[in-house]
Amino acid sequence: MPMVQPKSLKYRKLGTHIAICAFLCLIIFPLLMVIAISFRTGNFSVGDIIPRNPTLDHWRLALGISVENADGSITPPPFPVLTWLWNSIKVAGISAVLIVVLSTTSAYAFARMKFKGKSTILSGMLIFQMFPSVLALVAFYAFFNMIGDFIPWLGLNTHGGLILAYLGGIALHVWTIKGYFETIDPALEESAAIDGATPWQAFRLILLPLSVPILAVVFILAFIGIITEVPMASVLVQDIDKMTLAVGSQQYFYPQNLLWGDFAAAAVLSGFPITIVFLLAQRWLVGGLTAGGVKG
Amino acid sequence: MAEVILNNVRKNYDPAIHQDTLRDINLNIANGEFIVFVGPSGCGKSTLLRMIAGLEDITSGELKIGGNYMNDVPPVDRNVGMVFQSYALYPHMDLRENMNFGLKLKKLDKKTIDERVDHASDILGLTPLLDRKPKELSGGQRQRVAIGRCIVQQPSVFLFDEPLSNLDAALRVKMRIEIAKLHKELNSTIIYVTHDQVEAMTLADKIVVLSPLNPDAPTNLEQFGEPLELYHNPANKFVAGFIGSPKMNFLAGELVEKGDKTSRIRLYTGDEIVAAVDTSSAQVGDKVELGCRPEHLVEVGHAHADCQITGTVQVTEHLGSESYVYMDVDGNDFTFKARPEFPAEAGQELKVGLPTDACYLFDKDGVAFPRTAKYNKD
């Protein structure tokens, strides 16, 4: 910035940097701890940040490889961690795609169409979302139990049911996308309508290509939210091999035997899909897509 | 090519509130005419255009384009093209895609599409820019693309919604001339919305003056006619005040002598004016309002200085080619367009001459009395 700055700015900058670094350490420390635990011999939650006798045993077990102990006995992997990881990716991926589809279309309706009770429904959706879904878990259980009697693949203990449950939480995403749509000049779609586009064509050919950044954001948020979600998944899915990683990794905690090391390896593993999805989606997070369309 | 007919068209956005936006609009627009809707903001001129385009529904009344009843026909089947105030170019498509978007939707064959796009970009001088995205263009170029997108559709009616209001003054004049040329070239019906009365006067074959709807008024269509007709014989005070720049001066007074050729008015300022208007329908003693255009006023002593108006000079603007003297006449703003370097000091008392033939007169409801002469300064 070619602007004249007061001298004190230098010290303020330095102070800000120190504060930021301290804050970053605070954030990164837990992650380092978990990584350290996953490489530590034995299942201990306390110890050095850099393990004294690093071992890959926890990681072997997490990746489904048996470990031969020093005394010659063999420890089989206690849980199907890779299956859980795949379950998580599958459920979160499908749910996030469906959430984007559902919230985009409903956001379009709320942003562009006129109908009775629009504002009531909009605020109603938010208010319902305020109610913690954890408190309704009993109801969810009963509900999916009943659905399962008619449509087995949407019932309890199925991924279909879990995905359906996650689709209920789109109110915030609808609001987010609606806000973005409202920044796009409706004249673009009107112009498309005069050019001969149906409302669906105007939505798909004009509005959607311009909304890619917000769709990427919603996809990432939904994906992360579901990967890390525990309460709903733990109630709706009971079979060990159908669990998601977030639920399954709690299986390591027997009251009399806390498998901290194995848990840590599984926990770090669960961070990978989120990171990969974020890296992939990042290229869509670009600004300036709507530049030049309207005004001068 | 088509004519556009509006019969008793009314628009009410919210029937719960009994406030119409447009009421009882009757227009008969002939094939090939350049029509300008003009009025202050909030008068419903854009709404009326959007109703013709099919972007707003018509509450009641009838719209015909090319003889066909169009009230319930979707925009695409009305065969209209529209240029939006904001241009509304598709930002993610290059110019060629912007222009052929509609043609592709209509599933025309590629050769026809390319021919039409090339022809349009040729007319508008856009050929070297066809591969660019809208954000790489200047305001005037974007405006031309928006027009080009219209041309390729070969619509029977072109609709322009304040197309020049986002351009700077110099570019606006240039584009105005280009649009006038385009109309000659295409020879199609154009309906053009603007709040700028200079655009209206220069472009239009006929002007439609709209006013914000007064709840009790039967209509907000104030006048429909040729530009000079509106200038010389405005139907009412609203049109008189809207058409002409700078604005017409108005002074209230009383009719003291009526007549079918000339009438005598005593202004509340005390000045007495003889005006060439037919007041045979009025009564002596009626409250009236005198109108006179700044450009028709003359210096005292001029051959046409038939009557005089006295006021106090507030500001003088010297534009080089002319001067504007802004005066206060008994509490009313009053503008006098004077010769270059006209000497007038702020605070000084000034008398200006008013030609009898240059007077306009309105009754207490603002309706104009017929003028009996046309003023010629020379």
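Residues numbered from 1 in each chain as written. Chains lettered and ligands numbered in written order. Predicted model: local features only at pLDDT ≥ 70, side-chain atom pairs only at ≥ 80, totals over all residues. Heavy atoms only, no water.

Caption draft 1: How the structure looks around the sheet that holds strand S1 (residues 4–11) of chain B. Residues and elements named next belong to chain B. Strands sit in the order S2-S1-S4-S5 across an open sheet of four strands; the sheet is antiparallel. The sheet is open, and its two edges are formed by strand S2 (22–29) and strand S5 (68–69), each paired on a single side. Where S1 meets S2, five bridges bridge the pair, whose relative direction is antiparallel. Across the sheet, residue Leu6 finds its bridge partner in S2, namely Leu27. (Pairing = 2+ DSSP bridges. Helix = DSSP H or I, 4+ residues; strand = E, 2+ residues; numbered from the N terminus.)

Caption draft 2: Geometry of the interface of chain B and chain A. Counting residues at the interface gives 27 residues for chain B and 25 residues for chain A. Here chain B packs against chain A, burying approximately 2,200 Å² in sum over the two surfaces, 62% of which is carbon and sulfur. Considering only the surface of chain B that becomes buried against chain A, Pro91, His92 and Leu105 of chain B emerge as the three largest contributors, covering 24% of it. Connecting chain B to chain A are one salt bridge. The closest approach of N and O atoms between Glu190 of chain A and Arg50 of chain B, which form a salt bridge, is 2.6 Å. There are eight residue pairs in polar contact (both at pLDDT 80 or more) connecting chain B and chain A. (Contact = heavy atoms within 4.5 Å. Buried area = accessible area lost by both parts, 1.4 Å probe. Salt bridge = Lys/Arg side-chain N within 4 Å of Asp/Glu carboxyl O. Polar contact = N/O pair within 3.5 Å; in protein donor to acceptor, adjacent residues only side chain to side chain.)

Caption draft 3: Spatial organisation of the sheet that holds strand S11 (residues 249–257) of chain B. All names here are of chain B. The strand order S13-S12-S11-S14-S20 describes an open sheet built from five strands, whose pairing is antiparallel. The open sheet is flanked by strand S13 (272–275) and strand S20 (360–362), the only strands paired with a single partner. Between one strand axis and the next, the sheet turns through 40° on average, direction left out of account. Looking at chain direction, S11 and strand S14 (residues 287–292) are connected through six bridges and run antiparallel. (Axes fitted to C-alpha atoms, helices over the stretch in contact; angles between N-to-C directions.)

Caption draft 4: Here's a closer look at empty space enclosed by the protein. Considering all chains together, one arrives at two cavities of 30 Å³ or more under this definition. The calculated volume of the largest cavity comes to roughly 60 Å³. Lining the largest cavity we find Ser191, Ile194 and Asp195 of chain A together with Gly81, Met82, Arg149, Cys150 and Gln153 of chain B. For the lining of the largest cavity, the secondary structure elements donating two or more residues are helix H8 (186–195) of chain A together with strand S6 (80–83) and helix H4 (139–151) of chain B. For the lining of the largest cavity, the leading source of residues is H8 of chain A, giving three residues. Residues that form the lining of the largest cavity fall into these classes: three nonpolar, three polar and two charged. Here the second largest cavity defines a volume of roughly 40 Å³. (1 Å grid on protein atoms, 1.4 Å probe; cavity = no way out; pocket = protein on both sides within 12 Å on 5 of 7 lines; lining within 4 Å. Points joined across faces, edges and corners; volume = space filled by probe spheres on them. Nonpolar A, V, L, I, M, F, W, Y, C, P; charged D, E, K, R; others polar.)

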